[in-house]
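Close look at the chain arrangement
The lines below spell out each chain.
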Amino acid sequence: MRKPFIAGNWKLHETVAEATALAEALRASLADVESIELGVAPTATALYAVSEALKGSNIQVSAQNMYWAASGAFTGEISPPMVKELATHVIIGHSERRAYFGETDETVNRKIKAAFAHNLTPIVCIGENLEQNKAGETVAFVSQQIHGAFADIPAEEARKLTLAYEPIWAIGTGLTATPQDANRIIREAIRETLVDLYDEETAEAIRVQYGGSVKPQNIADFIVMPEIDGALVGGASLKVDSFTAIVKNAVEALAQ
Ligand code: PEP
């Protein structure tokens, strides 16, 4: 049984003071949530303050990215041991990092290995762009991303990882995949590929979030889909009210 996981990706928003206030408010508003795992991913500069603000709470802290080397001459990067001091999770391969910062399936794979080597749980983002979607290439493309991400990752590690299926055309645009389409892609492109790479048990153990313009108004439709195990939320995770409503609406929908 996969426990749903809803995480907020704060992207390049919030100063340390703002991030701390947001974390403290979410800690209070979400304190009674037990049926869904929760996480937030602040910027690197706010990781320390947010990890302090959320210590002992039911909200886990994630980095938005990291480099794979443990240390060295890599100006501007943060390393797995540095993230490990402040967070339990790390987002890897977000489409914005792939589009603007040269991330490839190979760097994603290296970062996943580095995360596991340092006991961090990766949230790995995959998803097709609009042209690929329109050309009917989604299943092939997402399957190829899975092959790249999971290269040489043993099954016992793969099972601990969370995938976020995020169609790029739905991120920050207000457009969403239909819950039925997202569910189908996760089945056909993600779980089927994981069955090929590993086995049925591993494919069924890996949590897959949906991401792309998730809001309080649409979360219930996604979370009840059998293949969708939560959400990675961007814009709507930056306001206490909207992230709280997303989580509460999901709790309610799952309880029905
Ligand atoms: C994201 O950044 O992962 C995301 C899904 O953003 P948004 O919810 O704003 O579309």
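Up top is the structure.
What comes next is a walk through the structure.

**A few points about the site of the ligand**
Close to the ligand lie 14 residues; Lys11, Glu166, Gly172, Ser213 and Gly234 are nearest. A distance of 2.7 Å is found between an oxygen atom of the ligand and a side-chain nitrogen or oxygen belonging to lysine 11. Within the side chain of glutamate 166, a nitrogen or oxygen atom sits 2.6 Å from an oxygen atom of the ligand. In isolation the ligand offers 290 Å² of accessible surface; the protein chains occlude 95% of this area. Considering only residue class, the shell around the ligand consists of four nonpolar, eight polar and two charged.

**Some points on the pattern of salt bridges**
Taken as a whole, this structure holds 18 salt bridges when the rule is applied. Of the charged contacts in the structure, one is a salt bridge between lysine 248 and aspartate 32, with a shortest N-O distance of 3.3 Å. Here the residue lysine 248 occupies a position in helix H12 (residues 240–255), and aspartate 32 occupies one in the loop between helix H1 (16–29) and strand S2 (37–41), the gap between them amounting to 216 residues. For lysine 248, a relative accessible area of 30% gives the class partly exposed.

**Description of the side chain of threonine 162**
Assignment of secondary structure puts threonine 162 in strand S6 (residues 162–165). Given a relative accessible area of 0%, threonine 162 falls into the buried group. Not counting residues up to four positions away in its chain, the partners in contact with threonine 162 are Phe5, Pro122, Ile123, Val124, Arg207 and Gln209.

**Description of the packing of aromatic side chains**
Evaluation of the coordinates by the stated rule reveals five aromatic pairs. Ring geometry for tyrosine 67 and phenylalanine 74: centres 4.7 Å apart, planes at 45°, overall tilted. A relative accessible area of 36% means that phenylalanine 74 is categorised as partly exposed. Ring geometry for tyrosine 210 against phenylalanine 222: centres 4.2 Å apart, planes inclined by 5°, an arrangement best described as stacked. With tyrosine 210 in strand S7 (residues 207–211) and phenylalanine 222 in helix H11 (residues 219–223), this residue pair connects regions lying 12 residues apart in the sequence. A relative accessible area of 3% places phenylalanine 222 in the buried class.

**Examining the packing of H1 against H12**
Contact geometry of H1 with H12 gives a least axis separation of 10 Å together with a crossing angle of 35°. As H1 runs across H12, the sense of the crossing is right-handed. Contacts from Leu22, Ala25, Leu26 and Ser29 of H1 reach H12 at Val240, Phe243, Thr244 and Lys248. For the contact of H1 with H12, a count of residues per class yields five nonpolar, two polar and one charged.

**Some remarks on the pairing of strand S4 (residues 89–92)**
Here S4 shows a buried face lined by His89 and Ile91 and a second buried face lined by Val90 and Ile92. Bridge count for strand S3 (residues 59–63) against S4 is two bridges, and the pairing is parallel. Looking at S4, one finds that alanine 63 is bridged to valine 90. Where S4 lies against strand S5 (residues 121–126), four bridges are found, and the strand directions are parallel. Looking at S5, one finds that isoleucine 91 is bridged to isoleucine 123.

Rules behind the numbers
- Numbering of residues starts from 1 in each chain and follows the order in which that chain's sequence is written.
- Confidence filtering applies because this is a predicted model: local features only for residues at pLDDT of at least 70, side-chain atom pairs given and counted only at 80 or more, and all residues used for totals across whole chains, interfaces and linings.
- Working from all heavy atoms in the structure, the side-chain values ignore hydrogens and water.
- Near is defined per residue: the residue qualifies when any heavy atom it owns lies within 4 Å of the molecule or strand.
- A 3.5 Å cut-off defines polar contacts: any pair of N or O atoms within that distance qualifies, except that in protein one atom must be a possible hydrogen donor and the other a possible acceptor, and neighbouring residues in sequence count only when both atoms are side-chain atoms.
- The method behind every accessible area is Shrake-Rupley, applied with a 1.4 Å probe, and residues are considered shielded solely by the protein chains displayed.
- Charged residues are taken to be Asp, Glu, Lys and Arg, nonpolar residues to be Ala, Val, Leu, Ile, Met, Phe, Trp, Tyr, Cys and Pro, and polar residues to be all remaining types, Gly included.
- Here, a salt bridge means any Lys or Arg side-chain nitrogen found within 4 Å of an Asp or Glu carboxyl oxygen.
- Think of it this way: any DSSP run of H or I at least four residues long counts as a helix, any run of E at least two long counts as a strand, and we number them from the N terminus.
- Residue burial is assigned from relative accessible area. The probe radius is 1.4 Å, only protein chains are included, and a residue is buried under 20% of its type maximum, exposed over 50%, and partly exposed in between.
- Contacts are residue-level and defined by heavy atoms, with any inter-residue pair within 4.5 Å sufficient.
- Stacked, edge-to-face and tilted are the three classes for Phe, Tyr and Trp ring pairs, Trp counted by its six-membered ring, which pair at centre distances within 6.5 Å; planes under 30 degrees apart are stacked, over 60 edge-to-face, the rest tilted.
- Note on geometry: axes are lines fitted to C-alpha atoms, helical ones only across the stretch in contact, with angles between N-to-C directions running from 0 to 180 degrees.
- Each crossing gets its hand from how the near helix is turned against the far one by less than a right angle, where anticlockwise is left-handed and clockwise is right-handed.
- Any two strands between which DSSP finds at least two bridges are classified as paired.

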